[in-house]
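Chain residues, written in single-letter form:
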Amino acid sequence: MTNLQIFLDIATEAALAAGAVLQGYLGKLEDAITEKGRPGDLVTVADKASEAVILEILRRHFPEHSILAEESGKLGNQDNQYLWAIDPLDGTTNFAHQYSAFAVSIGLLVDGEPQVGVIYDPFHNELFRAATGLGATRNRHSIKVSEISELSKSLLVTGFAYDRRETLDNNYAEFCHLTHLTQGVRRSGSAALDLAYVACGRVDGYWERGISPWDVVAGVVLLREAGGKVTAYNGTSFQIASGRILATNGNIHNHLSHELVEVPPLSSWKSRR
């Protein structure tokens, strides 16, 4: 058994355990919801309990590995070859409102490159897994990206960062522009699920700004192993620290990249009368 397979199996164990925790809290939070300093950036006892379970399992099996977790931050030596990127509850706002789009996301970077990814949706009991060279699966069945080749026939997903009220670079213009050019743009509220859905062919492309590594590391592995493509908006190499991502089935990638780069800024949209 390869190291990546071992890492994948342990990440799966952790994701399933965390998902069980989330199931136990769903609809029972009451007043146990707070904001982390920015309007709409929520954290709940469920986030923290889910993360605690993941950390316990990873530390038990890989005590020397470093961790980057949404709630706990940087743990261990961040220069370690192995870095786990963890989002214990991607879609906290959805979860708090009992809206069904949320997931556990656990990804592993090896020497800075995404190599292992597990995304678990406990509401729908969907388990997405992938590791470099081992393929991508949904509930243990192989998945692949869609074959849509025209942007006009595509369905896209995107999201909006927590600072959207404070900056004109808030993805509103891109959302409107691409809504007109495609069959539609959806907003799930979970970057992990967005990437998983591109990977399994439910949607054809995804872009977003203001993301963190724990949002996308697992999904990037899934998408690549399912035959998709991940880059920066302009088609150059994807940089995890950039906060921006463009992910597609590959067929519409160049066209979508061009439109993202050329979309008129929101300020110019406002000035049109």
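See the structure shown above.
Procedures and definitions
- Residues numbered from 1 in each chain as written.
- Predicted model: local features only at pLDDT ≥ 70, side-chain atom pairs only at ≥ 80, totals over all residues.
- Heavy atoms only, no water.
- Helix = DSSP H or I, 4+ residues; strand = E, 2+ residues; numbered from the N terminus.
- Buried < 20%, exposed > 50% of the residue type's maximum accessible area, 1.4 Å probe, protein only.
- Polar contact = N/O pair within 3.5 Å; in protein donor to acceptor, adjacent residues only side chain to side chain.
- Salt bridge = Lys/Arg side-chain N within 4 Å of Asp/Glu carboxyl O.
- Pairing = 2+ DSSP bridges.
- Axes fitted to C-alpha atoms, helices over the stretch in contact; angles between N-to-C directions.
- Contact = heavy atoms within 4.5 Å.
- Expected span 1.5 Å × (residues − 1).

Student: Could you give me a rundown of the environment of Gly159, with the residues and numbers involved?
Tutor: As for its position among the elements, Gly159 is in the loop between strand S11 (155-158) and helix H4 (172-181). Along the primary structure Gly159 and Gly189 are separated by 30 residues, whereas in three dimensions their C-alpha atoms are 6.2 Å apart.

Student: Mind laying out unusual backbone geometry, listing which residues take part and the relevant values?
Tutor: The phi dihedral of Asp111 falls on the positive side, at around 55°, and the residue is not glycine. Here Asp111 is to be found in the loop between strand S6 (103-110) and strand S7 (113-121). Of note in this structure, Asn171 is not a glycine but carries a positive phi near 80°. Looking at the element boundaries, Asn171 is found in the loop between S11 and H4.

Student: Give me the lowdown on the side chain of His177, citing residues and values where you can.
Tutor: Along the chain, the position of His177 falls in helix H4. By relative accessible area, His177 is classed as buried at 17%. Looking at His177, its side chain comes within polar contact range of the side chain of Glu259, at 2.8 Å.

Student: Residues and numbers for the pattern of salt bridges, please.
Tutor: Counted by the stated rule, this structure contains 8 salt bridges. Of the charged contacts, one joins Glu13 and Arg60 as a salt bridge, the two residues approaching to 4.0 Å between their closest N and O atoms. Of this pair, Glu13 sits in helix H1 (residues 3-25) while Arg60 is found in helix H2 (residues 45-61), placing the two residues 47 residues apart along the sequence. By relative accessible area, Arg60 is classed as partly exposed at 47%. With its nearest N and O atoms 2.6 Å apart, the salt bridge here joins Glu126 to Arg138. Within this pair, whereas Glu126 is found in strand S8 (residues 126-131), its partner Arg138 is found in strand S9 (residues 135-138), the two being separated by 12 residues in sequence. Its relative accessible area of 6% is what places Glu126 among the buried residues. According to the relative accessible area criterion, Arg138 is partly exposed, its value standing at 28%.

Student: Requested: an account of the sheet that holds strand S14 (residues 229-231), with residues and values cited.
Tutor: Strands sit in the order S12-S11-S13-S15-S14 across an open sheet of 5 strands; the sheet is mixed. The outermost strands of the open sheet, each flanked by one partner alone, are strand S12 (184-186) and S14. Ignoring strand direction, the axes of neighbouring strands in this sheet form an average angle of 20°. Packing against the sheet, helix H5 (residues 191-199) makes contact with S11, strand S13 (205-209) and strand S15 (244-248), and its axis sits at approximately 155° to S13.

Student: Which residues make up H2, and what values do they have?
Tutor: A rise of 1.5 Å per residue sets the reference length of H2, with its 17 residues, at 24 Å; its end C-alpha atoms lie 25 Å apart and thus fit the reference within 8%. One side-chain oxygen of the residue at the start of H2 lies 3.1 Å from the amide nitrogen of Ala46, identifying that residue as Thr44.

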